[in-house]
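# Secondary and tertiary structure notes
Each chain is listed here by its residues.
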Amino acid sequence: MHWSWALTFFSLCEQTGSHNVHLCWDQTLDAIKRICPKKALLIGLTHEMDHHKDNQTLEEWSRREGIDVQLARDGLRVYIDL
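The sections below set out a description of the structure shown in this document. Only a predicted model underlies this, so the values are computations on that prediction, with no experimental measurement involved.

This part covers the pattern of salt bridges. Close approach of charged atoms allows side chains with opposite charge to pair. Tallied over the full model, the rule gives four salt bridges. The closest approach of N and O atoms between Asp 68 and Lys 39, which form a salt bridge, is 3.0 Å. Here the residue Asp 68 occupies a position in strand 4 (residues 68-71), and Lys 39 occupies one in strand 3 (residues 39-43), the gap between them amounting to 29 residues. Assessed through its relative accessible area of 33%, Asp 68 is described here as partly exposed. Glu 59 is the salt-bridge partner of Arg 63, the closest N and O atoms lying 3.1 Å from each other. Of this pair, Arg 63 and Glu 59 both sit in helix 2 (residues 51-65), four residues apart, which is roughly one turn of the helix. Judged by relative accessible area, which is 59%, Arg 63 ranks as exposed.

Moving on to the environment of Thr 28. By the element assignment, Thr 28 lies in helix 1 (residues 25-35). Placed 17 residues apart in sequence, Thr 28 and Ser 11 show a C-alpha to C-alpha distance of 8.2 Å. Every residue in contact with Thr 28, bar those within four places of it in the chain, is listed here: Phe 10, Leu 12, Leu 23 and Leu 42.

The subject of this paragraph is the environment of Ser 11. Take Ser 11: it is sitting in strand 1 (residues 7-14). Looking at Ser 11, the relative accessible area reads 27%, which means it is partly exposed. As for Ser 11 and Leu 41, which are separated by 30 residues in sequence, their C-alpha atoms are 8.7 Å apart.

What counts, and at which threshold
Residues numbered from 1 in each chain as written. Predicted model: local features only at pLDDT ≥ 70, side-chain atom pairs only at ≥ 80, totals over all residues. Heavy atoms only, no water. Salt bridge = Lys/Arg side-chain N within 4 Å of Asp/Glu carboxyl O. Helix = DSSP H or I, 4+ residues; strand = E, 2+ residues; numbered from the N terminus. Buried < 20%, exposed > 50% of the residue type's maximum accessible area, 1.4 Å probe, protein only. Contact = heavy atoms within 4.5 Å.

Pasting the structure below:
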């Protein structure tokens, strides 16, 4: 069976290094490339993240890889047609 993921959420803990539960920046982007969803939102961010700057980096990555990826934010609404 072939799955077509419309939206995935990834818990991103650190930009560098490793964590025993969460994925870090490079691990998250590698997982997104393997799963290849239409859109991915990164949640569980730390104070290390610069939301605007990191979203710009993700926008460049998204254009290059063809997968829409961005950092989630408080109050973000995600509309889903079931």
